[in-house]
Amino acid sequence: MEELNIESTVVEMEQPSKEKTPAQHHQMWQKEMDAAEKRVRKYKKQGAQVVKRYLDDRESTSSFEGNRGDSPSKLNLFHKNISTTMAMLYGNTPQIDVSREHSDPDDDIARIAGLLFQRMLEVDIEPSGEDLSTVLKAALQDRLLPGMGTARVRYDMATTTVPTLNPETMQPEEMEVLDYEAAPIDYIHWQDVRWGWGRTWKEIPWWAFRNWLTKDEVIERFGEKIAKNMEYKNQTPEGESNRSESFDPDQKNNVEKAEIWEIWNKKTKQVFWFSQGADLILDMRDDPLGLDGFWPMPRPMIANPTTTMFVPKADFILAQDLYNEIDELQSRIATITRAIKVVGVYDKAAGDSAGRMLKEGVENDLIPVDNWAMFAEKGGLQGVIQWFPVQEIVGTLQTLQQVQSVKQEQLYEITGMSDIMRGGNTDQYTSGQTQGLKAKMGSIGIQSLQEEFARFASDLEALKAEVIAKHFSKETIVIQANAGFLPEADKPKVSAALELMKSPDIKWRVNIKPESIAMIDYAQIKSERTEFLMSMAQFIQSASGAVAAIPESLPIMLELMKWSMVGFKGAEYLEGTMDVAIDMAKKMPPGGEQEKGPSPEEIKLQIEQIRQQGAQQKQAGEIQKLQMKSQLDMQSQQGKVQGEIAKITASSQANMTAEQMQTQNRLLEIARELESDLAQIQANMQANITVEESQARFDIASQEVDHEFDIESETYKHNLKMNEMNAQNRNREN
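Residues numbered from 1 in each chain as written. Predicted model: local features only at pLDDT ≥ 70, side-chain atom pairs only at ≥ 80, totals over all residues. Heavy atoms only, no water.

**A few points about the side chain of E181**
Okay, step 1: Locating E181 in the fold gives a position in strand β4 (residues 172-182).
Okay, step 2: Buried charge without a partner: E181 forms no salt bridge, and the closest opposite charge is K502, 6.9 Å away.
Okay, step 3: Reaching out from E181, the side chain makes a polar contact with the side chain of Y155 at a distance of 2.7 Å.
Okay, step 4: Only 2.7 Å separates the side chain of E181 from the side chain of T476, close enough to count as a polar contact.
Okay, step 5: Setting aside anything within four residues of it in sequence, one finds E181 in contact with Y155, D156, M157, H471, F472, S473, T476 and Q480. (Helix = DSSP H or I, 4+ residues; strand = E, 2+ residues; numbered from the N terminus. Buried < 20%, exposed > 50% of the residue type's maximum accessible area, 1.4 Å probe, protein only. Lys, Arg positive; Asp, Glu negative; His and termini not counted. Salt bridge = Lys/Arg side-chain N within 4 Å of Asp/Glu carboxyl O. Polar contact = N/O pair within 3.5 Å; in protein donor to acceptor, adjacent residues only side chain to side chain. Contact = heavy atoms within 4.5 Å.)

In structure tokens, the structure reads:
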């Protein structure tokens, strides 16, 4: 993959006089990020609290075996409502539908291009991993809990070098070729985004995505020089520092990473990489994707937007008072329920008989009383035992339960759950049409949310289709779309469809219907195809009479059938076959000419043709006999030849075996001779080495003796010289 040269793209790039330096860019984005952090501070705090409420993450400690002591009891309706809404909105795998802009029945090139797009987009619909289904579920949960769900599209490609031969120089060289291409869809956590000031989505000037990179990843992406100056810290689930109010030290990531923001500036059509731990902007590039809307993500799903400020407001915040009241009532109900017991007091003077009835008494058993007369005089059990007044407490409990039911109904009205419950409240005696109407009317309360979710999924896939059209090579599109398995009638038009896909003027609608991702009608596909077949059957039955009366009208009827097919989902796979049928119908001769009988000349010609055919068949029979005889003769000759070949082969194998044995014996003898010669050579070499070593030692010793003699001689001469000089000096002194 091509490495990024930061110095060439940021530090050393030629800057106009008004162009900001990397340090000035960093200062500007530091101010923007600080201001954005203040705007979303309340939203982030409330979002974290909503997520904890959904998971029933209580600060007080309580046992899972039961609610004892003073810990409050809660009725977590919020979790149930969100789970039901998610299942309602996203119950099925999304169905990708790429349609032509104007649904023209004769625009086969656009139809085939749409099929190629649809096949490539359907690759992401997998059961697990970072696919479309997983991303949409995570984004939908963020929309229903903290209040905003989003995702983005990227373009990934890698190249590799392969050895090749230069046709001009005929010398081997390495050539860089495309290895793979992909347009992955990434889920973005709701706390990993920031945006500029704006009242509506159209006014948003920039959007930022947060990435957490290890030091090795920073080196690979930005280089070692930038990696050394980065600040690395432990990432938390909420992306906050240790000073956050909701920080849990046990949930932090042990691997230290650098916090890097990828900022998309719509005003200048540029992308910046910013980190608070650096002094300069990390990187800056012009629009890398070149999308029509610039943003690499669709408009986020945002809860309760207003034109005052583009900031989400979680749905839970609007209904939190009812949720809290229901929890308070549930806590009182649980406390009173624990107080309701079969307990009372009895006269101790009456003995232990009254107490034994509850402790030891079993069915069909009598407990004796010591003094029956006195026991009866006091009024029996009623005069000895007084029970705890449960009736008053039960009345209070029933009142609390009634108030709680009223509060739950109010909560369902506010959250829209009552519409879902009314739509799902059907019985077995209700007709299918009535049930479908109730299901449709029951979803009116959440229809806007359902349409918003469908819009988000549709726009996300439309962005991916645009990335494919603008960046993918034609070879990659053919491979990933399995264009080789298209109908035979459509294969000749694939090349023109690829040209249309790469055209910058093409406009596509990637339409995901709300019903394709909602859990309302599981038989939708079956119903659509049944409706299509019934419509076609009625049309064929009606058109057969006209075709029988006027055979020339068959092409017109087929054209009408093709025109009506375009309106049905999935019919594009049959349009190519229908085109072939229409061409065949147009080439058929008129029906009137087919009904005329042959002329006498034609009859004579046919009789002569039959005679010639008979003669030809007879001649063919004789030729066949000759061929069979020749084949038998050839088989006989082949058998004889094969026998001779077998004899020669056996004889040759025997000769080869004998020659091989002789060769092996000769090789063994040569090997022995070589080993003997080698031993002799080694012995001679060892002797020569010994002689040379002795001669070398002798020469060294001789040189040492001569050297010592020369030294002594020179020393003696020097001493004589010194003595002479000393004698001369003494004579002069005297």
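Having put the structure on the table, let's press on.
**So, the packing of aromatic side chains**
Okay, step 1: Throughout the structure, instances matching the rule amount to 16 aromatic pairs.
Okay, step 2: Taking the centre distance of 5.4 Å and the plane angle of 50° together, the rings of W29 and F272 count as tilted. Placement of the pair is W29 in helix α2 (residues 22-39) and F272 in strand β10 (residues 270-274), with a sequence separation of 243 residues.
Okay, step 3: A relative accessible area of 1% places F272 in the buried class.
Okay, step 4: Counting every residue linked through ring pairs, the aromatic cluster contains W195, W201, W207, W264, F294, W295 and F310.
Okay, step 5: Over the ring of F209 we find R152, and its NZ or CZ is 4.8 Å from the ring centre.
Okay, step 6: Between the NZ or CZ atom of R221 and the centre of the ring of W273, over which it lies, the distance is 4.7 Å. (Phe/Tyr/Trp six-rings, centres within 6.5 Å; stacked < 30°, edge-to-face > 60°. Lys NZ or Arg CZ within 6 Å of the ring centre and 35° of its normal.)

**Some details on helix α6 (residues 132-144)**
Okay, step 1: The end-to-end C-alpha distance of α6 is 18 Å, a good match for the 18 Å that 13 residues give at a rise of 1.5 Å each.
Okay, step 2: Restricting attention to buried positions, one finds in α6 the residues L132, S133, V135, L136, A139, L140, D142, R143 and L144.
Okay, step 3: Residues of α6 that are buried sit in contact with α4 (77-89), β2 (148-153), β5 (185-188), β12 (301-302), α9 (315-318) and α17 (447-471). (Expected span 1.5 Å × (residues − 1).)

**Observations regarding the environment of V384**
Okay, step 1: Here V384 lies in helix α13 (residues 381-384).
Okay, step 2: Between the C-alpha atoms of V384 and D347, which are 37 residues apart in sequence, the distance is 5.3 Å.

**Remarks on the nonpolar core**
Most often, soluble globular proteins have nonpolar side chains that are buried together.
Okay, step 1: L116, W195, W207, V218, M230 and I260 are the most contacted members of the largest nonpolar core, which has 92 residues in total.
Okay, step 2: Take this core: its biggest share by element is 10 residues, from α17.
Okay, step 3: Excluding anything up to four places from it in sequence, W207 contacts M148, V193, R194, W195, W201, E262, I263, W264, W295, M297, P300 and F310.
Okay, step 4: Listed in part, the 11 residues of the second largest apolar core include M33, W206, F272 and M284. (Core = buried A, V, L, I, M, F, W, Y, C linked by side-chain atoms within 4.5 Å.)

**Digging into the environment of A158**
Okay, step 1: Inspection of the secondary structure assignment puts A158 in strand β3 (residues 156-165).
Okay, step 2: The spatial distance from the C-alpha of A158 to the C-alpha of E181 is 6.9 Å, given a sequence separation of 23 residues.

**Examining the sheet that holds β2**
Okay, step 1: A sheet is described by the order of its strands in space; here 3 strands give the open sequence β5-β2-β12, paired in antiparallel fashion. Taken across any chain shown, the strands that pair with only one partner, and hence form the sheet edges, are β5 and β12.
Okay, step 2: By the bridge criterion, 2 bridges tie β2 to β12 in an arrangement that is antiparallel. Residue G149 lies in a different strand from β12, and its bridge partner there is M301.
Okay, step 3: Set on the sheet, α6 makes contact with β2, β5 and β12; between it and β5 the angle comes to about 20°. (Pairing = 2+ DSSP bridges. Axes fitted to C-alpha atoms, helices over the stretch in contact; angles between N-to-C directions.)

**A short note on a nonpolar patch on the surface**
Okay, step 1: Among the surface-exposed residues, I681, M685 and I689 lie close enough to one another that they form a single nonpolar patch of about 270 Å² accessible area.
Okay, step 2: Its place among the elements puts M685 in helix α24 (residues 600-733).
Okay, step 3: Since its relative accessible area comes to 47%, M685 is described here as partly exposed. (Patch = residues over 30% accessible without salt bridge, like charges linked within 9 Å, V, L, I, M, F, W, Y side chains within 5 Å. Areas by Shrake-Rupley, 256 points an atom, 1.4 Å probe, with all protein chains shown as cover.)

**What about the side chain of D283?**
Okay, step 1: You can see D283 is positioned in strand β11 (residues 283-286).
Okay, step 2: Engagement of the side chain of D283 in a polar contact is seen with the side chain of R221, the distance being 3.2 Å.

**Structural notes on the pairing of β10**
Okay, step 1: Counted residue by residue, β10 has 5 buried out of 5 residues, so it is predominantly covered.
Okay, step 2: A two-sided burial pattern is seen for β10, the buried positions comprising Q270, F272 and F274 on one face and V271 and W273 on the other.
Okay, step 3: Pairing analysis gives 5 bridges linking strand β9 (residues 256-265) to β10, with the strands arranged antiparallel. In the strand pairing of β10, I263 is matched with F272.
Okay, step 4: In this structure, the hairpin formed by β9 and β10 is closed by a connection of 4 residues, where K269 is found at a positive phi of approximately 55°.
Okay, step 5: Summarising the sheet, β10 and β11 pair through 4 bridges and their orientation is antiparallel. Each bridged residue has a counterpart across the sheet, and for W273 the counterpart in β11 is D283.

**Examining the confidence of the model for the chain**
Okay, step 1: For the chain, the average pLDDT comes to 75, and 67% of its residues sit at 70 or higher.
Okay, step 2: In the predicted structure, residues 60-69 sits below a pLDDT of 50 and forms 7 contacts with residues beyond four places in sequence or in another chain. (pLDDT = per-residue confidence, 0-100.)

**Re unusual backbone geometry**
Okay, step 1: With a phi angle near 55°, D56 is a residue other than glycine that sits in the positive phi range.
Okay, step 2: In this structure D56 comes out as partly exposed when scored by relative accessible area, which is 28%.
Okay, step 3: You will see that F294, though not glycine, has its phi angle at about 70°, which is positive.
Okay, step 4: Of note, F294 is situated in the loop between β11 and β12.

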